[in-house]
Amino acid sequence: MSTYKEVKKVTTHTLHEMKQRGEKISMLTAYDYSMAKIFDAAKIDVLLVGDSASNVMHGHETTLPITLDEMISHAAGVIRAVDRALVVVDLPFGSYQGNSKEALNSAIRIMKEAEAHAVKLEGGEEVVESIKRILIAGIPVMGHLGLTPQSIYKFGTYEVRAKEEAEADKLIRDAKLLEEAGCFALVLEKIPSKLAKQVAQIIQIPVIGIGAGSEVDGQVLVSHDMLGINKDFSPKFLRRYLNLYDEIKLAVERYVEDVKKQDFPNEKEQY
Ligand code: KIV
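Predicted, not measured: the structure shown is a model, and the values here were computed from it. (Residues numbered from 1 in each chain as written. Predicted model: local features only at pLDDT ≥ 70, side-chain atom pairs only at ≥ 80, totals over all residues. Heavy atoms only, no water.)

Peer 1: Is there a simple way to think about the overall build of the protein in this case?
Peer 2: Counting secondary structure elements, the protein contains 11 helices and eight strands. In terms of overall size, the protein behaves like a compact globule, its C-alpha atoms giving a radius of gyration of 20 Å where 271 residues would be expected to give roughly 18 Å. Counting across all 271 residues of the protein, residues that qualify as buried make up 48%. A sequence separation of at least 24 residues applies to 58% of the contacts in the protein between residues at least 6 apart. A total accessible area of about 15000 Å² is found for the protein, and carbon and sulfur atoms account for 52% of it. Separation between the mean location of the 34 positive side-chain charges and that of the 40 negative ones in the protein comes to 3 Å. (Helix = DSSP H or I, 4+ residues; strand = E, 2+ residues; numbered from the N terminus. Rg over C-alpha atoms; globule rule 2.2 N^0.38 Å. Buried < 20%, exposed > 50% of the residue type's maximum accessible area, 1.4 Å probe, protein only. Contact = heavy atoms within 4.5 Å. Areas by Shrake-Rupley, 256 points an atom, 1.4 Å probe, with all protein chains shown as cover. Lys, Arg positive; Asp, Glu negative; His and termini not counted. Charge placed at Lys NZ, Arg CZ, Asp CG, Glu CD.)

Okay, structure coming up:
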């Protein structure tokens, strides 16, 4: 008798069903094989290979410098680790803004070279043509509105977006456009919770929030932030589940000490 148990994979369709029955969607960023394996075992629904890799993996100040090649390399590691989660990969800055053909080519590279399940890109009306072209090729697209970090030099700050009526109205229009275009889900970043709730009620596709309150269809956090690897970033919306920075530092300090005093390796730890 076989003990093989087939894992039920999360698909874009699963996320729609979850919204319909009111089950919240859990999403975290992942950038490498080992972490992705743990997150998948913990039954995360969606893993986002976010362009926040530019900050937390490469040490850049913004998400702008990371390249398509680098994103593909991170995504390939994550995909190899995952049995269950849906893996969405960010199109990095400069890989889709030029025109819809460039956007399609970048999305195809991510799907072909990393074997990802879907792509995400930032923006509303300005990128709808590109989204449609990617979707025609059969590639699922997740939208991203509100604070869109690739536009940080236009915004000037990482403050809450869409507090004023005009920007809130545009965000609602954009959300409807992205749904009509065929996006399977939408990330809303750092906007008032009342507005996020309104969007989640107006559109049928799942809305996943980060700093967008509790009345949306799911939540996403940057894994390095929620695990406390990154100590310097403490926005109001962040809940820290671990203080890995301190724990890892302590472990490494103990290791250094053991090596210095020749306590490691001991008799049992050698051949
Ligand atoms: O790149 C990223 O980590 C993201 C999340 C903040 C949604 O886009």
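Back to the text.
Peer 1: Mind showing me how you'd approach the site of the ligand here?
Peer 2: Taken together, Thr29, Leu48, Gly50, Asp51, Ser52, Asp90, Lys120, His144, Val187, Glu189, Ile210 and Val222 form the complete shell of residues around the ligand. Taking Asp90, its side chain carries an N or O atom lying 3.2 Å from an oxygen atom of the ligand. If the ligand stood free it would expose 260 Å²; the protein chains cover 96% of that surface. Broken down by class, the residue content of the shell around the ligand amounts to four nonpolar, four polar and four charged. (Near = heavy atom within 4 Å. Polar contact = N/O pair within 3.5 Å; in protein donor to acceptor, adjacent residues only side chain to side chain. Nonpolar A, V, L, I, M, F, W, Y, C, P; charged D, E, K, R; others polar.)

Peer 1: How do you make sense of the sheet that holds strand E8 (residues 218-221) when you look at a structure like this?
Peer 2: In a beta sheet, neighbouring strands are held together by backbone hydrogen bonds and run either parallel or antiparallel to one another. Here we have eight strands rolled up into a closed barrel, ordered E1-E2-E3-E4-E5-E6-E7-E8, and parallel in their pairing. For this sheet, the mean angle separating the axes of adjacent strands, direction not counted, is 25 degrees. Note that strand E2 (residues 46-49) and strand E3 (residues 86-90) share four bridges and pair parallel. Residue Val49 lies in a different strand from E3, and its bridge partner there is Val89. Against the sheet, helix H8 (residues 165-181) engages strand E5 (141-146) and strand E6 (185-189), with an angle of about 175 degrees to E5. (Pairing = 2+ DSSP bridges. Axes fitted to C-alpha atoms, helices over the stretch in contact; angles between N-to-C directions.)

Peer 1: So what exactly am I meant to see when it comes to the environment of Phe93 here?
Peer 2: When you line up the elements, Phe93 lands in the loop between E3 and helix H5 (100-113). Looking at Phe93, the relative accessible area reads 38%, which means it is partly exposed. Distance in space between the C-alpha atoms of Phe93 and Tyr255 is 40 Å, their sequence separation being 162 residues.

Peer 1: Explanation requested: the packing of aromatic side chains in the structure shown.
Peer 2: The relative placement of two aromatic rings is captured by the distance of their centres and the angle of their planes. For the coordinates displayed, the defined rule picks out one aromatic pair. The ring of Phe155 is capped by Arg161, whose NZ or CZ atom sits 3.9 Å from the centre of that ring. (Phe/Tyr/Trp six-rings, centres within 6.5 Å; stacked < 30°, edge-to-face > 60°. Lys NZ or Arg CZ within 6 Å of the ring centre and 35° of its normal.)

Peer 1: Explain the nonpolar core to me, please; I cannot follow it from the model alone.
Peer 2: Across soluble globular proteins, nonpolar side chains have a tendency to be buried as a group. Counting residues in hydrophobic clusters, the biggest one holds 65 residues, and the most contacted among them are Leu47, Val119, Ile134, Leu186, Leu188 and Val199. Looking at this core, the element that brings in the most residues is helix H4 (residues 68-81), giving eight residues. Beyond its immediate stretch of four places on either side in the chain, Ile134 contacts Leu91, Ala103, Leu104, Ala107, Val119, Leu121, Ile139 and Val141. The next biggest cluster of nonpolar side chains, apart from the first, holds 17 residues, and it includes Val10, Leu48, Met142 and Ile210. (Core = buried A, V, L, I, M, F, W, Y, C linked by side-chain atoms within 4.5 Å.)

Peer 1: Explain unusual backbone geometry here, please?
Peer 2: For residues besides glycine, phi is generally negative; the peptide bonds are generally trans as well. Residue Phe264 is joined to Pro265 through a cis peptide bond whose omega torsion reads -5 degrees. Among the secondary structure elements, Pro265 is positioned in the segment after helix H11 (244-260). Backbone geometry at Glu115 places phi at a positive 60 degrees, although glycine is not the residue there. Look at Gln262: it is not a glycine, yet its phi comes out positive at around 60 degrees. Here Gln262 is to be found in the segment after H11.

Peer 1: Mind showing me how you'd approach the pairing of strand E1 (residues 25-29) here?
Peer 2: Across a regular strand the side chains alternate sides, sitting on one face of the sheet and then on the other. Of all five residues making up E1, four are buried, and the element is well covered by its neighbours. When E1 meets E8, the two strands line up parallel, connected through four bridges. Among the inter-strand pairings, Ile25 is bridged to a residue of E8, identified as Gly218. One ladder, built from three bridges, connects E1 with E2; its direction is parallel. Bridge pairing in E2 places Met27 opposite Val46. Following the chain from E1 across helix H2 (residues 33-41) to the adjacent parallel E2, one finds a crossover that is right-handed. (Right-handed = clockwise from strand over helix to strand, strands pointing away.)

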